[in-house]
Amino acid sequence: MISTLLLAAAPFVAFPAQGAKLPAIDHVYLAGAVAKGDTNVVVNGANVAVYRTGAWVTLIEATEGSNDVSVVSQSGEATNIWFKIAKKPVVDPNAKPAPEKVWKKLDYAKDEAKEPPTNKAPNEVTIVVDAGHGGDDTGAKSPHGFFEKDANLLVAEQLKAALLARGYNVVMTRETDVFIPLYDRPKAAHTNDADAFVSIHHNAPPYDKDPNLLRYHTVYSWNPIGEELATAINAEMAAALGDTLKSNGPMHANFAVTRNPEIPSCLVEVDFVTSPAGEEAIWNAARRRVVAEAIASGIDAWRKGPPERKEK
Ligand SMILES: [Zn+2]
């Protein structure tokens, strides 16, 4: 999940007592987990699908005070319930159209893009691997209450191992559960004179999308040097994950970690932590190895470069 100002101001809220009134909101993700085999969760009188792990999630609409939330399960207790306030963005009718795609200058960054490492050996190439979020910045949350920050670190560590095995130099932005200011992350690529920067995240739906239905992987970049890297990683992920998780990329996004003007940078959204099926896949160690090997293969393909780059 990428924190926006709207979402950052609305962290996870402990579920109130049964029947509590909700605050003024547009949509609420309600999620939780019951014992395996307890297949009957009812939210506000409507049956909610329970996944085989016991995870469930639903999207409800609410206005201030109008929604008496009631959650019951077969066992009489729906455990580990949480909800997330997801506010509808306020649209300003006088707002200017979105700016054209530009290379936003970071104060420390050079204007010139670094040459991609075509024909260099892996041991001459440095990759910065960024595990998104950390510390109090938890990122998204799964129905069983696992945090995105922990999933990101597990995949990032696996990616580090996959890259080291291929002979690359690897720099991690974090290897423990610590908070790192957002702009210190792309800066790590600059200070280490890295050839590429790859940020690892897990997704959550926007305010109006049913979290049961939304699940895919994607790779974001912003400028042309990042796009080549993102395209290569996305292709390898799509090939490795096949029918088990659809590809929704590569895509463009103006994130702090993607718009570095000098170093090819991208952000991988591995899966949806809010989806019960996504949660199950994320906490599967064998699956994480497949994901990490695919990202490493994408970096390898990018390093070798397309034929037209090699001929330059
Ligand atoms: Zn995230």
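These numbers were taken from a predicted model, which means no experiment stands behind them. (Residues numbered from 1 in each chain as written. Predicted model: local features only at pLDDT ≥ 70, side-chain atom pairs only at ≥ 80, totals over all residues. Heavy atoms only, no water.)

Caption draft 1: Structural context of the overall build of the chain. A count of helical and extended segments in the chain gives seven helices and 13 strands. A burial count over the chain gives 49% of its 312 residues as buried. For the chain, the share of sequence-separated contacts (at least 6 apart) that also reach a separation of at least 24 residues comes to 81%. Carbon and sulfur atoms make up 54% of the accessible area of the chain, which amounts to about 14,400 Å² in all. (Helix = DSSP H or I, 4+ residues; strand = E, 2+ residues; numbered from the N terminus. Buried < 20%, exposed > 50% of the residue type's maximum accessible area, 1.4 Å probe, protein only. Contact = heavy atoms within 4.5 Å. Areas by Shrake-Rupley, 256 points an atom, 1.4 Å probe, with all protein chains shown as cover.)

Caption draft 2: Representation of the pattern of salt bridges. Across all of its chains, the model carries 10 salt bridges by this definition. Measuring nitrogen to oxygen at the nearest pair gives 2.9 Å for the salt bridge that ties Asp271 to Arg215. On the criterion of sequence distance, the pair formed by Asp271 in strand 13 (residues 265-272) and Arg215 in the loop between strand 10 (196-203) and strand 11 (218-221) is long-range, its members being 56 residues apart. Ionic contacts of the salt-bridge type, sharing partners, join the residues Arg166, Glu293, Asp300 and Arg303 into one network. (Salt bridge = Lys/Arg side-chain N within 4 Å of Asp/Glu carboxyl O.)

Caption draft 3: Inspection of the packing of helix 2 (residues 148-165) against helix 6 (residues 285-304) at higher detail. Packing of helix 2 against helix 6 brings their axes to within 8 Å, and their N-to-C directions diverge by 50 degrees. Classified by the angle between their axes, helix 2 and helix 6 sit oblique to one another. Classified by chirality, the crossing of helix 6 by helix 2 is right-handed. Packed against helix 2, whose contacting residues are Leu154, Val155, Gln158, Leu159, Ala162 and Leu163, the element helix 6 presents Arg288, Arg289, Val291, Ala292, Glu293, Ile295, Ala296 and Ile299 at the interface. (Axes fitted to C-alpha atoms, helices over the stretch in contact; angles between N-to-C directions. Parallel < 35°, antiparallel > 145°, perpendicular 65-115°, else oblique. Left-handed = near helix turned anticlockwise from the far one by under 90°.)

Caption draft 4: Looking closely at empty space enclosed by the protein. Inspection of the entire model under this criterion finds one cavity of 30 Å³ or more. As a volume, the largest cavity reaches approximately 70 Å³. Of all the elements, helix 6 adds the most residues to the lining of the largest cavity, at three residues. Of the residues in the lining of the largest cavity, the class split is seven nonpolar, one polar and three charged. (1 Å grid on protein atoms, 1.4 Å probe; cavity = no way out; pocket = protein on both sides within 12 Å on 5 of 7 lines; lining within 4 Å. Points joined across faces, edges and corners; volume = space filled by probe spheres on them. Nonpolar A, V, L, I, M, F, W, Y, C, P; charged D, E, K, R; others polar.)

Caption draft 5: Region of interest: unusual backbone geometry. Cis geometry is found at the peptide bond from Gly249 to Pro250, where omega equals 0 degrees. Tracing the backbone through its elements, the reader meets Pro250 in the loop between helix 4 (224-241) and strand 12 (251-252). Even without glycine at this site, Asn119 takes up a positive phi of about 65 degrees. For Asn119, the location among the structural elements is in the loop between strand 7 (82-86) and strand 8 (126-131). For His133, which is not glycine, the phi torsion reads 65 degrees and is therefore positive.

Caption draft 6: Geometry of the side chain of Arg174. If you trace the backbone, Arg174 turns up in the loop between strand 9 (169-172) and helix 3 (184-191). In this structure Arg174 is buried but unpaired, with Asp177 as the nearest side chain of opposite charge at 4.5 Å. From its side chain, Arg174 meets the backbone oxygen of His133 in a polar contact 2.7 Å long. Only 3.0 Å separates the side chain of Arg174 from the backbone oxygen of Thr176, close enough to count as a polar contact. Apart from the residues lying within four places of it in its own chain, the contact partners of Arg174 are Ala131, Gly132, His133, Gly134, Lys149, Asn152, Leu153 and Ile180. (Lys, Arg positive; Asp, Glu negative; His and termini not counted. Polar contact = N/O pair within 3.5 Å; in protein donor to acceptor, adjacent residues only side chain to side chain.)

Caption draft 7: Examining the packing of helix 4 against helix 6 more closely. Between helix 4 and helix 6, the least distance of the axes is 8 Å, while the angle of their chain directions is 140 degrees. Classified by the interaxial angle, the pair formed by helix 4 and helix 6 is oblique. Pair helix 4 / helix 6 crosses with right-handed handedness. From helix 4, Ile225, Glu228, Leu229, Ala232, Ile233, Glu236, Met237, Ala240 and Leu241 reach across to helix 6, where they touch Arg287, Val290, Val291, Ala294, Ile295, Ser297, Gly298, Ile299, Ala301 and Trp302. In terms of residue class, the contact of helix 4 with helix 6 is made up of 14 nonpolar, two polar and three charged.

Caption draft 8: The arrangement of the nonpolar core in detail. Leu159, Val198, Ile233, Ile295 and Ile299 are the most contacted members of the largest nonpolar core, which totals 34 residues. Taken together, the elements giving at least two residues each to this core come down to strand 8, helix 2, strand 9, strand 10, helix 4, strand 13 and helix 6. Sorting elements by how many residues they give to this core places helix 6 first, with seven residues. If we skip the residues at most four places from it in the chain, Leu159 touches Val129, Val198, Ile200, Ala292, Ile295, Ala296 and Ile299. By size, the runner-up hydrophobic cluster in this structure holds 11 residues, among which are Val128, Ala188, Ala189 and Ala194. (Core = buried A, V, L, I, M, F, W, Y, C linked by side-chain atoms within 4.5 Å.)

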